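Structural overview
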Amino acid sequence: MSIKHTAALAALLLVSATPFAGAADKPTDPQIAHIAYTAGVIDVEAAKQAIEKSKTKEVVDFANDMVRDHEAVNVQALDLVKKLNVTPEDNATSQALSKAAEEERAKVAKLEGAAFDKAYVANEVAYHKQVNGALETLLIPSAENAELKSLLETGLKIFQGHQQHAEHVAGMLK
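Reading the values: rules and limits
- Residues numbered from 1 in each chain as written.
- Predicted model: local features only at pLDDT ≥ 70, side-chain atom pairs only at ≥ 80, totals over all residues.
- Heavy atoms only, no water.
- Helix = DSSP H or I, 4+ residues; strand = E, 2+ residues; numbered from the N terminus.
- Areas by Shrake-Rupley, 256 points an atom, 1.4 Å probe, with all protein chains shown as cover.
- Expected span 1.5 Å × (residues − 1).
- Polar contact = N/O pair within 3.5 Å; in protein donor to acceptor, adjacent residues only side chain to side chain.
- Core = buried A, V, L, I, M, F, W, Y, C linked by side-chain atoms within 4.5 Å.
- Buried < 20%, exposed > 50% of the residue type's maximum accessible area, 1.4 Å probe, protein only.
- Phe/Tyr/Trp six-rings, centres within 6.5 Å; stacked < 30°, edge-to-face > 60°.
- 1 Å grid on protein atoms, 1.4 Å probe; cavity = no way out; pocket = protein on both sides within 12 Å on 5 of 7 lines; lining within 4 Å.
- Points joined across faces, edges and corners; volume = space filled by probe spheres on them.
- Salt bridge = Lys/Arg side-chain N within 4 Å of Asp/Glu carboxyl O.
- Contact = heavy atoms within 4.5 Å.
- pLDDT = per-residue confidence, 0-100.

Quick look at the overall build of the protein chain now. Of regular secondary structure, the protein chain possesses seven helices and zero strands. The order of α-helices and β-strands along the protein chain, N terminus first, is α-α-α-α-α-α-α. Per element, the accessible surface of the protein chain, about 8500 Å² overall, is 56% carbon and sulfur.

Below, the structure is given as structure tokens:
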């Protein structure tokens with residue numbers, strides 16, 4: 001898979017620390033699988049919104065990368081849970097992430113042009129920062145299955161690149 005590596009963040013933060021804090025009681029592998037998959041779906045949905053709304057090449061290119069990469073990782077995750085015969089388990093963290101994402105998409109849907117681009121990209125920086133932190137401090141350490149842990153570690157490397165790319169695009173939009 002080829003990955004391109006390259007302000008009102010508080011107002012634009014897709015998810016606060018709260019959704020992942022709800023999982024602080026060491027989530028199970030089925031819960032981790034659901035959280036990771038949900039986080040990927042959320043970013044794909046945000047990216048598709050950006051592809052539809054943005055007229056800025058760098059933003060659209062970044063959003064296309066997010067769709068490609070997150071869909072690819074989610075396919076790998078689905079393949080793994082099938083192989084392991086694990087059913088991802090819905091949980092409060094996944095639900096909180098989905099609710100926050102829905103609210104954020106509705107908020108940025110009202111924006112146009114440069115305001116939309118800045119809001120989308122700022123949110124991508126904040127979202128990847130949060131998801132990367134959750135992967136490092138909670139999800140990877142909590143994963144018991146070695147293959148799940150490995151997939152999460154691979155995802156973390158990819159998503160750290162996404163965060164850097166989002167920061168680069170954000171700098172271009174200022």
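On we go.
Moving on, we get to helix H7 (residues 146-173). Its 28 residues give H7 an end-to-end C-alpha distance of 40 Å, which sits within 8% of 40 Å, the value for a rise of 1.5 Å per residue. The opening residue of H7 is asparagine 145, an N-cap whose side-chain oxygen sits 2.8 Å from the backbone nitrogen of glutamate 147.

Moving on, we come to the nonpolar core. Among the nonpolar cores identified, the biggest contains 22 residues, and Ile32, Leu135, Leu139, Leu148 and Leu152 are the most heavily contacted of them. Those elements that provide at least two residues to this core are helix H3 (29-53), helix H4 (57-84), helix H5 (92-109), helix H6 (113-142) and H7. Of all hydrophobic cores here, the second largest spans 19 residues; its members include Val59, Tyr120, Val121 and Ala166.

For the coordinates displayed, the defined rule picks out two aromatic pairs. Considering the side-chain rings of phenylalanine 116 and tyrosine 120, the 6.2 Å spacing of their centres and the 0 degrees angle between planes classify their relative orientation as stacked. Here phenylalanine 116 and its partner tyrosine 120 are both found in helix H6, four residues apart, which amounts to about one turn of the helix. Across this residue pair, the class does not change: phenylalanine 116 and tyrosine 120 are buried. Members of the aromatic cluster, joined through ring pairs, are Phe62, Phe116 and Tyr120.

Right, let's get into empty space enclosed by the protein. Here the largest cavity defines a volume of roughly 220 Å³. Forming the walls of the largest cavity are 22 residues, and the residues nearest its centre are Ala36, Tyr37, Val73, Leu152 and Phe159. Mapped by element, the contributors of at least two residues to the lining of the largest cavity are H3, H4, H6 and H7. Looking at the lining of the largest cavity, the element that brings in the most residues is H3, giving seven residues.

Taken as a whole, this structure holds ten salt bridges when the rule is applied. Of the charged contacts in the structure, one is a salt bridge between aspartate 61 and lysine 57, with a shortest N-O distance of 2.5 Å. Of this pair, aspartate 61 and lysine 57 both sit in helix H4, four residues apart, roughly one helical turn. The class of aspartate 61 is partly exposed, set by a relative accessible area of 26%. Looking at lysine 57, the relative accessible area reads 58%, which means it is exposed. Here glutamate 104 ties to lysine 107 by a salt bridge, and the two come within 3.3 Å at their closest N and O atoms. In this pair, glutamate 104 and lysine 107 are both assigned in helix H5, three residues apart and thus about one turn of the helix distant. Residue classification places glutamate 104 among the buried residues on the basis of a relative accessible area of 6%.

Tracing the backbone shows serine 142 in helix H6. A polar atom in the side chain of serine 142 sits 2.6 Å from the backbone oxygen of leucine 138. Excluding anything up to four places from it in sequence, serine 142 contacts Lys26, Pro27, Asp29 and Ile32.

Moving on, we get to the confidence of the model for the protein chain. Averaged over the protein chain, the pLDDT score is 86; the fraction of residues at 70 or greater is 86%. For the stretch residues 1-24, pLDDT sits under 50, and the model shows 60 contacts to residues farther than four places along the chain or on other chains.

This part is about the environment of proline 27. Inspection of the secondary structure assignment puts proline 27 in the loop between helix H2 (18-21) and H3. With 112 residues separating them in the primary sequence, proline 27 and leucine 139 have C-alpha atoms 7.4 Å apart.

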